[in-house]
Amino acid sequence: MNKKIKFNTKNLDLYYGDFQALKSINLEIYEKEVTAFIGPSGCGKSTFLRCLNRMNDLIDSVKIEGEIIFEGQDINGDIDVINLRTRVGMVFQKPNPFPMSIYENIAYGPKCQGVKDKTQLDTLVKESLVKAALWEEVKDRLNKSALGLSGGQQQRLCIARAIAMQPEVILMDEPTSALDPIATAKIEDLMSKLKKDYTIIIVTHSMQQAGRISDKTAFFLMGEVVEFNETPVIFTNPADKRTEDYITGRFG
Amino acid sequence: MKSEHKNAIVADKIATVILYCIAGFFLLLLAGFTAYIIVKGIMAYQPGIFSFERTGIGVELFNTVYLVLISLIISVPIGVGAGIYMAEYAKAGKVTNYLRICIETLSSLPSIVIGLFGYLVFIYMTGSKYNLFAGALAVSILSLPLLTTVTEDAIRAVPSIYKEGSLAVGATHWQTIVQICLPVATPRIITGVILAAGRGFGEAAALLYTAGMSSNVNLNIWNPFDPMSLLCPFRPGDTLALHIWALKTESMTPNADQIANFSAAVLLVLIFAFSLGSRLLGARLDRKMSGK
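Cut-offs used in this document
- Residues numbered from 1 in each chain as written.
- Chains lettered and ligands numbered in written order.
- Predicted model: local features only at pLDDT ≥ 70, side-chain atom pairs only at ≥ 80, totals over all residues.
- Heavy atoms only, no water.
- Helix = DSSP H or I, 4+ residues; strand = E, 2+ residues; numbered from the N terminus.
- Buried < 20%, exposed > 50% of the residue type's maximum accessible area, 1.4 Å probe, protein only.
- Contact = heavy atoms within 4.5 Å.
- Core = buried A, V, L, I, M, F, W, Y, C linked by side-chain atoms within 4.5 Å.
- Domains from an automatic or database assignment.
- Buried area = accessible area lost by both parts, 1.4 Å probe.
- Salt bridge = Lys/Arg side-chain N within 4 Å of Asp/Glu carboxyl O.
- Polar contact = N/O pair within 3.5 Å; in protein donor to acceptor, adjacent residues only side chain to side chain.
- Nonpolar A, V, L, I, M, F, W, Y, C, P; charged D, E, K, R; others polar.
- UniProt positions renumbered as here; feature names shortened; annotations may be inferred.
- Pairing = 2+ DSSP bridges.
- Axes fitted to C-alpha atoms, helices over the stretch in contact; angles between N-to-C directions.
- Expected span 1.5 Å × (residues − 1).
- Bend = angle between axes of the 7 residues up to and from the residue.

1. Remarks on the overall build of chain B
Phase 1: Looking only at helices and strands, chain B has ten helices and zero strands in total.
Phase 2: From first element to last, N terminus to C terminus, chain B shows the α and β order α-α-α-α-α-α-α-α-α-α.
Phase 3: In terms of overall dimensions, chain B has a C-alpha envelope of 70 × 55 × 40 Å along the principal axes.
Phase 4: When each of the 292 residues of chain B is scored for burial, the buried share is 40%.
Phase 5: If you take every contact in chain B between residues at least 6 apart in sequence, the share linking residues at least 24 apart comes to 76%.

Written out as structure tokens, the structure is:
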């Protein structure tokens, strides 16, 4: 099986002011797989994730060098950021549904892109919720506020919100760290289903989670990618001593 | 160790008692003032006081609401817009700092200065007579800094996770501001609008030489472009606060004091009703968004 490369980063450096947070990252991320980024806090994994949909634009002091090739285009160059973000969706650490109805939460993105047709929006909302395994739980309360949902439901709503944009990639920044084990299991379940249609990149603090759900794993340490390989290889036969130390719990 | 612990508990109790005393004192003071004004107002009631004739305060009451309304129509869009600019677009630097100093200075200008400025610019330079619109403009200048600051704070207080969530689904900066930040900030902005309206309701000095100290209307004329019509914003018009001041200082009417007392009570009730209404509206919006 020869999978396509979705993201290809070349010598990516990122600075917060004078502090270098990412050092010469070279990673190839394949499509329709789950790629996990692991590493101790502050190692740059979330920062790197946020490069992939240009979320770092929000921070003034950030300076980025090097290339991130997405579908043949360097996204650090002069590209349409809005278009990029519709193709590369994101789910955040803390569930962040907007303070509006469940329906409006999903319809928000498409509406911002100019979709006005009610039937089209209805279909989109339903399909997205079905794909995010939330439809059965909320179909009778679509017009109720999304803030009334449980944490796990809110996070699946955020996944549905990303799906509604029909993206190619979904970035997940520690999506289960604020959830209980049952809600976490549901989200992990969902991820393995979603990877048939989407490329998923997940940042996680839980090595068990990376082991359970990812196809490939990158180990970050102090702004560098120490090791990147098939997940089973990383966890059973790491090449680098530091990777081994981290996954066996000797630090981090 | 033990006695130190005891001391801490005593200190805690003393602080609590003192704070309660301060709060109680203010509450008492406020209740006293309110009761005094309301009671004196009720005692001064006489039939026909709400009439639109010379002896009633109907016209003044209308002028007050009308002027505040016009000033809000002018100041809210500008103030909220400026607040959004300060929170979302202004880059840290010299220009922004300068702007901030200007806003702060403007907010501490005495209202008589604004009134004289208003007289110079809106009345003298345009060659017009005292009019409500000029008064509304002067009040707008007074309330602009407040609205700007409140809006800026309210927009900044919107949790960044909402903003990020919106941008992450491909919304533009402007879409994010209008559809996510503004609705979330609205309850707080409403507080600012209440305060701004309060300034308008109670303002006297800024209106002295802009809106004027008297009203001369013909209730049979309903064409808002006729300067004798009640509805015309380009006619002289005294508001309740100014009316009270005029009655208490230079009125020849025999029962001026009573009318003034009653007017004060009416003004108080008016402000209270406006605040309550706006707060209810804000609470409703808040409830709708949080789904409770």
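Further notes follow.
2. Overview of the nonpolar core
Phase 1: One finds A:I102, A:L129, A:L157, A:I159 and A:M172 to be the most contacted residues of the largest nonpolar core, which totals 45 residues.
Phase 2: The element best represented in this core is helix α6 (residues 151–163) of chain A, accounting for six residues.
Phase 3: If sequence neighbours within four positions are ignored, A:L157 has contacts with A:P97, A:I102, A:N105, A:I106, A:L129, A:L134, A:A146 and A:L149.
Phase 4: Core analysis: the second largest hydrophobic core is formed by 39 residues, B:I57, B:Y162, B:V193 and B:F262 among them.

3. Some remarks on the domain arrangement of chain B
Residue and element names in this part refer to chain B.
Phase 1: The assigned domain composition of chain B is domain 1 (1–43) and domain 2 (49–290).
Phase 2: Inter-centroid distance (C-alpha atoms) of domain 1 to domain 2 is 33 Å.
Phase 3: Domain 1 puts five residues into the contact, and the matching count from domain 2 is six residues.
Phase 4: Between domain 1 and domain 2, the buried area comes to about 470 Å², and carbon and sulfur atoms account for 77% of it.
Phase 5: Our count for the domain 1 to domain 2 interface comes out at zero salt bridges.
Phase 6: Taken together, domain 1 and domain 2 are joined by zero residue pairs in polar contact (both at pLDDT 80 or more).
Phase 7: Looking at the side of domain 1 that touches domain 2 residue by residue, the classes come out as two nonpolar, two polar and one charged.

4. Focus: the UniProt feature "domain: ABC transmembrane type-1" (unreviewed entry) in chain B
Phase 1: The positions UniProt marks with the feature "domain: ABC transmembrane type-1" (unreviewed entry) are residues 61–278 of chain B.
Phase 2: Each end of residues 61–278 of chain B is marked by a C-alpha atom, and these two atoms are 19 Å apart; helix forms 73% of the span and strand 0%.

5. Comments concerning the UniProt feature "domain: ABC transporter" (unreviewed entry) in chain A
Phase 1: UniProt tags residues 7–247 of chain A as "domain: ABC transporter" (unreviewed entry).
Phase 2: Annotated as residues 7–247 of chain A, this span is 37% helix and 27% strand, and its ends, taken at the C-alpha atoms, are 26 Å apart.

6. With respect to the interface of chain B and chain A
Many analyses report the size of an interface as the accessible area lost when the parts associate.
Phase 1: Listed per partner, the contact involves 20 residues of chain B and 26 residues of chain A.
Phase 2: Interface of chain B and chain A: buried area, both sides summed, is about 1,900 Å²; carbon and sulfur atoms make up 65% of it.
Phase 3: The largest share of the area that chain B buries against chain A comes from B:E164, B:A168 and B:V169, three residues that together contribute 30% of it.
Phase 4: At the boundary of chain B and chain A, one finds one salt bridge.
Phase 5: Here B:E164 makes a salt bridge to A:R50, at a shortest N to O gap of 3.1 Å.

7. Re the pattern of salt bridges
As a working rule, side chains carrying opposite charge can pair if their charged atoms are close by.
Residue and element names in this part refer to chain A.
Phase 1: This model, assessed by the stated rule, comprises 23 salt bridges over all chains.
Phase 2: For K118, the salt bridge is made with D122, and the minimal N-O distance between the two is 3.0 Å. On the criterion of helical spacing, the pair formed by K118 and D122 is a turn pair, its members being four residues apart in helix α4 (residues 118–131).
Phase 3: For K118, a relative accessible area of 53% corresponds to the exposed category.
Phase 4: The exposure class assigned to D122 is partly exposed, which follows from its relative accessible area of 31%.
Phase 5: Where salt bridges share partners, they join K4, K6, E71, R87 and E168 into one cluster.

8. Comments concerning the pairing of strand β3 (residues 34–38) of chain A
Residues and elements named next belong to chain A.
Phase 1: With five of five residues buried, β3 lies mostly within the body of the structure.
Phase 2: Every second residue of β3 is oriented toward a common face, with V34, A36 and I38 on one face and T35 and F37 on the other, all of them buried.
Phase 3: Sheet analysis places β3 next to strand β8 (residues 199–203), joined by four bridges and oriented parallel. Within the sheet, the bridge partner assigned to F37 lies in β8 and is V203.
Phase 4: As judged from the four bridges shared by β3 and strand β9 (residues 216–221), these two strands associate in the parallel manner. Note on β9: the bridge partner recorded for A36 is T217.

9. Remarks on the UniProt feature "transmembrane region" (unreviewed entry) in chain B
Phase 1: Taking the UniProt record as the reference, the feature "transmembrane region" (unreviewed entry) is found at residues 17–39, 60–86, 98–123, 130–150 and 259–282 of chain B.
Phase 2: In this annotation, residues 98–123 of chain B is assigned 88% helix and 0% strand; the end-to-end C-alpha distance for the span is 29 Å.

10. Section: the sheet that holds β8(A)
Residues and elements named next belong to chain A.
Phase 1: The six strands are arranged β6-β7-β8-β3-β9-β10 in an open sheet whose pairing can be described as mixed. Only two strands of the sheet have a single neighbouring strand rather than two, namely β6 (88–91) and β10 (224–230). Neighbouring strand axes in the sheet, compared pairwise and without regard to direction, differ in orientation by 15 degrees on average.

11. Some words on helix α2 (residues 58–89) of chain B
Phase 1: Taking 1.5 Å of rise per residue, 32 residues should cover 46 Å, and α2(B) covers 45 Å from first to last C-alpha, within 8% of that figure.
Phase 2: The sharpest bend along α2(B) reaches about 30 degrees and sits at B:S75, with the proline B:P77 one to four residues further on.

12. A look at the environment of A:E136
All names here are of chain A.
Phase 1: Counting through the fold element by element, E136 comes out in helix α5 (residues 135–138).
Phase 2: Expressed as a C-alpha distance, the spacing of E136 and L49, which sit 87 residues apart in the sequence, is 31 Å.
Phase 3: Separated by 3.0 Å, the side chains of E136 and K139 make a polar contact.

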